[in-house]
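Fold and geometry: a report
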Amino acid sequence: MNYLKDHILKRYWYSFPVDVDAKYGTSGFRGQFNPTLKAVIFRMGILAAMRSICTNRAIGLMITASHNPHTDNGIKLIDYDGNMFNSEWEKYANAFICIKQLDEMISFIQDIITDTDYDESSKCPEVLIGIDNRYHSYELSTIAGLGALCLSSKIVHLNELTTPEMHCEVAYKNETNKFKDGYAKEVGIDIRDTIHILEDIKKISFSSQLWIDCSNGVGGISLTRFNRYLNDLFKLYLINYNEGLINCECGADYIQKNVELPKGLKKMKDLSGKKFASLDGDADRLIYFFLNKGSSICILDGDDLIVLFCKFLKDLITKGNIDETIHAVTTNYSNTGLFKYLQNNNIEFHTTKTGVKYLHEEAKKYNISVFFESNGHGTILVSDEFKKSLEKYDNKYANLLKQTIKLSNQYVGDAIRNIFLVEMILFYYDINLEEWYNLYSKYATKQGSIKINNTTKYICNDDENRLTSPQKLQDSIDELVKQCNNSSRAFIRPSGTEKILRVFVESDNKENCLHLYDEINKLVNDFK
């Protein structure tokens, strides 16, 4: 460790100052592209190398701010098994960015590595770095690499790829000591195998036509690769692909929050009858949408994905004579109509705190589960035991289930894989988006955010659907909900990544919902 001080001093500009009021949220660190963010990312490069030393495995760094504006960027750390970063090491990340002195930084690094039972003769640390296509992501990846080099790490730049792809690459590297030979080609083969089983069941040929809003993000790059292998089966029309700034008036988050078309479609004629999907900036979120007969936009989000996936999996398990129970995992942001649908169809469901890592943690408790946040981030998750138990089944429906599992990203939500799964399930049921949309009755909802200077004084209960502090504000929200009607609910919570309060309102009709939303916004703005 004697060389460490010199290494950090050579890159001193990226180390200090760090004046940051942030914590490692459910999606890492995010913020505006500025010297503070550069300093944070430099330190995360060091931390990734530390984790690599302590595990003797490659660790991933993904430079992205997901659905945030193009002026923002950030970093997600990916653990050696392809899953989200170890929760204990998240605490180290939060402590590390707060250190002010160089000697204190070095002591911190040495203490953690020394306290870990690691093999000093093990191979040198290895850090894999992926980026989205923001204009400052290349610079930040270089800075992250400089941080990792402070511990003499081997650095592998994987360049532009989606966050879900990056998770798969990290896991594959540690399992095989190799990199994937064409991610799209490999997944494309699995898609073809799945369609072959589907066509055998349906006795008709598969075809799909879809317009995809790529949010001017990295998902468009990935989809062009898939098009090379699947364009005879899927006619994919890419919109907002290299046509402007990432997430600017487009993308899954924009459409869902504003309930309006992305800019790439606003001038397009004859949208009726067409099927649309939208990704976010790093392609881990997915929503679908269509225009109804009144030309209003109808959005199918994470709740609708839970319904479609659970319906499909339950069908395959029943027809395949497989003895297993499906579980659905979501949050309090999900629609009350979803909970009623799951209850009426005897599908067990569970709610967690907001943040995909909490859903993933809960979903791992079950042999087969579908987890989604209402924003469209989620996947189908299965246990190794269940995969092994499926080997004894050899019928069309069991084989289709095996392929569905193979196609599902087992690490994080994967918008692109989920697109192909959705298209195949719609083919299986021979339904369009409107029929999918009407599988359950939805309550009217509205979400938004309120900018604040300090989120720390707003504290939620474990379910994150009530404030425990300030109690006076929660009492006032309760009174507004009571005045609306018994079918309404509302809550606010502080964001884990931004200086905002997130607002959620739901009611049995749109008029009540909008009125309650406006009243709660006034209440919070007066209170702050």
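Structural notes, computed from the coordinates. Note that this is a predicted model, so its numbers are computed, not measured.

Of regular secondary structure, the chain possesses 20 helices and 19 strands. Whereas a compact globule of 528 residues would reach a radius of gyration of roughly 24 Å, the chain reaches 23 Å, a difference of no more than 12%. Viewed in the frame of its principal axes, the chain has a C-alpha envelope of about 70 × 60 × 45 Å. When the 528 residues of the chain are sorted by exposure, 58% land in the buried category. For the chain, the share of sequence-separated contacts (at least 6 apart) that also reach a separation of at least 24 residues comes to 72%. Of the accessible surface of the chain, which amounts to about 22,300 Å², a share of 44% is contributed by carbon and sulfur atoms. With 63 positive and 70 negative side-chain charges, the chain shows a separation of 3 Å between the mean positions of the two kinds.

Let us look at the side chain of Lys76. With respect to the helices and strands, Lys76 occurs in strand E3 (residues 72–78). A distance of 3.0 Å separates a polar atom in the side chain of Lys76 from a polar atom in the side chain of Asp282. Once you skip the residues sitting within four places of it in the chain, Lys76 turns out to touch Tyr24, Ser27, Arg30, Gly60, Leu61, Met62, Thr64, Ser66, Thr163, Asp282 and Asp284.

So, about the environment of Val382. In this fold, Val382 is placed in strand E14 (residues 378–382). When the C-alpha atoms of Val382 and Lys365 are compared, they prove to be 9.4 Å apart, with 17 residues separating the residues in sequence. Every residue in contact with Val382, bar those within four places of it in the chain, is listed here: Asn367, Ile368, Lys387, Ile405 and Gln410.

Each pocket or cavity is described by its volume, and for the second largest pocket that value is around 820 Å³. For the lining of the second largest pocket, the secondary structure elements donating two or more residues are helix H10 (252–258), strand E10 (297–300), helix H12 (302–319), strand E15 (444–451) and helix H20 (510–527). The element that contributes the greatest number of residues to the lining of the second largest pocket is E15, accounting for four residues. Counted by class, the lining of the second largest pocket contains 11 nonpolar, 11 polar and seven charged residues.

Below, the discussion takes up the pattern of salt bridges. Counted according to the given criterion, the structure contains 25 salt bridges. Here Lys154 makes a salt bridge to Glu126, at a shortest N to O gap of 3.8 Å. Taken together, the residues span a long stretch of sequence, with Lys154 in strand E5 (residues 154–160) and Glu126 in strand E4 (residues 126–131) at a distance of 28 residues. Ionic pairing is found between Glu260 and Lys266, a salt bridge with its closest N-O pair at 2.9 Å. Owing to a relative accessible area of 28%, Glu260 belongs among the partly exposed residues under this scheme. Residue Lys266 is classed as partly exposed on the basis of its relative accessible area, which comes to 43%.

Ile191, Tyr288, Phe309 and Leu401 are the most contacted members of the largest nonpolar core, which has 74 residues in total. The greatest single-element share of this core, amounting to 12 residues, is contributed by helix H17 (residues 415–429). Dropping the residues within four chain positions of it, Ile191 is found in contact with Phe226, Leu230, Phe234, Leu407, Phe420 and Met424. Core analysis: the next-biggest nonpolar cluster, separate from the first, contains 42 residues, Tyr24, Ile113, Val127 and Ala144 among them.

The subject of this paragraph is the pairing of E10. Alternating positions in E10 separate into two faces, Ile297 and Ile299 on one and Cys298 and Leu300 on the other, with burial throughout. Where strand E9 (residues 286–291) meets E10, four bridges bridge the pair, whose relative direction is antiparallel. Within the sheet, the bridge partner assigned to Leu291 lies in E10 and is Ile297. Linkage of E9 to E10, two consecutive antiparallel strands, is achieved through a turn of five residues, within which Ser295 is found at a positive phi near 65°.

So, on to the packing of helix H8 (residues 183–202) against H17. Relative orientation of the contacting elements H8 and H17 amounts to 10°, with a least axis distance of 11 Å. When the axes of H8 and H17 are compared, the pair comes out roughly parallel. In contact with Tyr183, Val187, Ile191, Thr194, Ile195, Leu198, Ile201 and Lys202 of H8, H17 contributes Arg417, Phe420, Met424, Phe427 and Tyr428. Classifying every residue of the contact of H8 with H17 by side-chain character gives 10 nonpolar, one polar and two charged.

Bringing helix H6 (residues 137–149) into the picture now. Between its first and last C-alpha atoms H6 spans 18 Å; for 13 residues at 1.5 Å apiece the expected length is 18 Å, and the two agree. Ser137, Leu140, Ser141, Ile143, Ala144, Gly145, Gly147 and Ala148 are the residues of H6 that are buried.

Scoring rules and cut-offs
Residues numbered from 1 in each chain as written. Predicted model: local features only at pLDDT ≥ 70, side-chain atom pairs only at ≥ 80, totals over all residues. Heavy atoms only, no water. Helix = DSSP H or I, 4+ residues; strand = E, 2+ residues; numbered from the N terminus. Rg over C-alpha atoms; globule rule 2.2 N^0.38 Å. Buried < 20%, exposed > 50% of the residue type's maximum accessible area, 1.4 Å probe, protein only. Contact = heavy atoms within 4.5 Å. Areas by Shrake-Rupley, 256 points an atom, 1.4 Å probe, with all protein chains shown as cover. Lys, Arg positive; Asp, Glu negative; His and termini not counted. Charge placed at Lys NZ, Arg CZ, Asp CG, Glu CD. Polar contact = N/O pair within 3.5 Å; in protein donor to acceptor, adjacent residues only side chain to side chain. 1 Å grid on protein atoms, 1.4 Å probe; cavity = no way out; pocket = protein on both sides within 12 Å on 5 of 7 lines; lining within 4 Å. Points joined across faces, edges and corners; volume = space filled by probe spheres on them. Nonpolar A, V, L, I, M, F, W, Y, C, P; charged D, E, K, R; others polar. Salt bridge = Lys/Arg side-chain N within 4 Å of Asp/Glu carboxyl O. Core = buried A, V, L, I, M, F, W, Y, C linked by side-chain atoms within 4.5 Å. Pairing = 2+ DSSP bridges. Axes fitted to C-alpha atoms, helices over the stretch in contact; angles between N-to-C directions. Parallel < 35°, antiparallel > 145°, perpendicular 65-115°, else oblique. Expected span 1.5 Å × (residues − 1).

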